[in-house]
Amino acid sequence: MPAKDIGIDLGTRNSLVFSTGKGIVLREPSVVVYDKDTEKIRAIGEEARQMASHLTSNMEVIWPIRRGVIVDYNVMEKMLKYFISQAMGRRAFRKPRVSISVPSGITEIERKAIEEAAYQSGAREVFLVDEPIAAAIGAGVDITKPFGNLIVDIGGGTTEIAVISLGGIVSNKSIRMAGDDLTADIVEYMRRQHNVKVSERMAERIKINVGSALTVLEDAPEDYVVHGPNQMTALPMEVPVSYQEIAHCLDKSISKIEAAILSALEQTPPELYADIVKNGIYLAGGGAMLRGLDKRLRDKMNIQFHIAEDPLHAVAKGTGVALKNIEKFNFLIR
């Protein structure tokens, strides 16, 4: 039985695997639990995330990718091997072709390291796709046309912004302001404003339930009740949080994303700029799901913003679609 081709979005916070013919087959945290006594990995992905808050002193939590950069290649290789084996299943007798999305600004040395890790993980062939291009393909943009398209991919560690035309990147900008920063903003806000200590996981829940880029929403969510210990007394607290509060809390970080998009537009050639104004700007990544973000950006720049149909999975889907249509997209992958 030939193995299915596999597209991988190796993310700072979560990694997703797209299998041709099946779609998204795996979504797990990009985290590992390492046992310092035995010098072996105890858990990877979701199991590691669940263990992370209940560790003994001889164990260590390792996030091998930070801000879109691989900081521990040995751990990343083992994590990648696990994800590929999980996606292949036990009945695969042939190694798969694997495409992996990478930040557009990484060095050639980093590219080679990722390729080598994928080969060591069991891939038959390895192809790398620039993340903004994968996001655009996954969002349904026909990037082969001689038109300018602007894609904004708001991931966990970085926001990738790129102008794409004729299948290539004309200009790109990557900033270290993304979903993890919004989560950190919420943790700090709850500590400062409500004197309650919340974990990153709780802050994520707050962001999902009442996260907003606008203080006025047509379809406003109900307040979300947060439970946590008092910062001073450690006694349990119950605090209702509104979307307006979170909008104020996230305003400064969202403004940085706005500034980066405006900077990318300033660097865009006039002909492609006209295409972008006409066709709009595409949003992908988990950050694109923040309530009211598209409207806030539209009002700020007077350009229409389109949210990808499945923004969370756009990059993973794009890597898989590119690999499936390698004859069409062969100039994208290197």
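For clarity, every value in this text was computed on a predicted model and none was experimentally measured.

Undergrad: I'd love a proper account of the side chain of Glu245, names of residues and values included.
TA: Its place among the elements puts Glu245 in helix H7 (residues 243-266). Within the structure, the side chain of Glu245 is placed 2.7 Å from the side chain of His194, a separation counted as a polar contact. Excluding residues within four positions of it along the chain, Glu245 makes contact with Tyr189, His194 and Pro240.

Undergrad: Describe the packing of helix H4 (residues 131-138) against helix H10 (residues 314-324), naming the residues involved and giving the relevant values.
TA: Their axes nearest at 7 Å, the elements H4 and H10 cross at an angle of 90 degrees. Overall, the two elements H4 and H10 adopt an arrangement that is roughly perpendicular. Here H4 contributes Glu131, Ala134, Ala135, Ile137 and Gly138 to the contact with H10, which in turn contributes Ala314, Val315, Lys317, Gly318, Thr319, Val321 and Ala322. A class-by-class count of the residues in the contact of H4 with H10 yields seven nonpolar, three polar and two charged.

Undergrad: Any chance you could break down helix H2 (residues 73-88) for me, citing the residues and the numbers?
TA: Compared with the 22 Å implied by 1.5 Å per residue over 16 residues, the 22 Å span of H2 between its first and last C-alpha is a close match. Looking at H2, one finds that the buried residues are Val75, Met76, Met79, Leu80, Phe83, Ile84 and Ala87. An end-on view of H2 places all buried positions within 165 degrees of arc, on one side of the element. Immediately downstream of H2, the backbone of Gly89 shows phi near 80 degrees, a positive value.

Undergrad: Tell me about the environment of Asp35, residues and numbers included.
TA: Tracing the sequence through the fold places Asp35 in strand E4 (residues 32-35). Residue classification places Asp35 among the buried positions, given a relative accessible area of 6%. The spatial distance from the C-alpha of Asp35 to the C-alpha of Leu312 is 32 Å, given a sequence separation of 277 residues. When near neighbours in sequence (up to four residues on either side) are disregarded, Asp35 contacts Lys40, Arg42, Asn58 and Met59. Within the structure, Asp35 has its side chain in polar contact with the side chain of Asn58 (distance 3.4 Å).

Undergrad: Tell me what's going on with the sheet that holds strand E10 (residues 125-130), and back it up with residues and numbers.
TA: Strands sit in the order E3-E2-E1-E9-E10 across an open sheet of five strands; the sheet is mixed. Sheet topology places strand E3 (23-29) and E10 at the edges, where each strand pairs with a single neighbour. Going from strand to strand, the sheet's axes swing by 20 degrees on average, the running direction of each strand aside. Of the strands in this sheet, strand E1 (6-10), strand E2 (14-19), E3 and strand E9 (97-102) are in contact with H2, which crosses E1 at around 140 degrees. In the packing of H4 onto the sheet, the strands contacted are E9 and E10, and the crossing angle to E10 comes to about 85 degrees.

Undergrad: Give me the pattern of salt bridges: which residues, what numbers.
TA: Scanning the entire structure with this criterion turns up 13 salt bridges. For Glu204, the salt bridge identified is with Lys207, shortest N-O distance 3.5 Å. Separated by three residues within a single helix, Glu204 and Lys207 lie in helix H6 (residues 200-210), roughly one turn from each other. When its relative accessible area of 26% is taken as the criterion, Glu204 is described as partly exposed. Taking the shortest distance from any N to any O, the salt bridge between Arg296 and Asp251 comes out at 3.0 Å. With Arg296 in helix H9 (residues 293-301) and Asp251 in helix H7, the pair connects residues that are 45 residues apart, well separated along the chain. Connected via shared salt-bridge partners are Arg13, Asp180 and Glu200.

Undergrad: I'd like to hear about the pairing of E3, residue by residue, with values.
TA: As paired strands, E2 and E3 are joined by six bridges and run antiparallel to one another. Residue pairing for E3: Val17 is matched across the bridge by Leu26.

Conventions used here
Residues numbered from 1 in each chain as written. Predicted model: local features only at pLDDT ≥ 70, side-chain atom pairs only at ≥ 80, totals over all residues. Heavy atoms only, no water. Helix = DSSP H or I, 4+ residues; strand = E, 2+ residues; numbered from the N terminus. Polar contact = N/O pair within 3.5 Å; in protein donor to acceptor, adjacent residues only side chain to side chain. Contact = heavy atoms within 4.5 Å. Axes fitted to C-alpha atoms, helices over the stretch in contact; angles between N-to-C directions. Parallel < 35°, antiparallel > 145°, perpendicular 65-115°, else oblique. Nonpolar A, V, L, I, M, F, W, Y, C, P; charged D, E, K, R; others polar. Expected span 1.5 Å × (residues − 1). Buried < 20%, exposed > 50% of the residue type's maximum accessible area, 1.4 Å probe, protein only. Arc of directions from axis to C-beta. Pairing = 2+ DSSP bridges. Salt bridge = Lys/Arg side-chain N within 4 Å of Asp/Glu carboxyl O.

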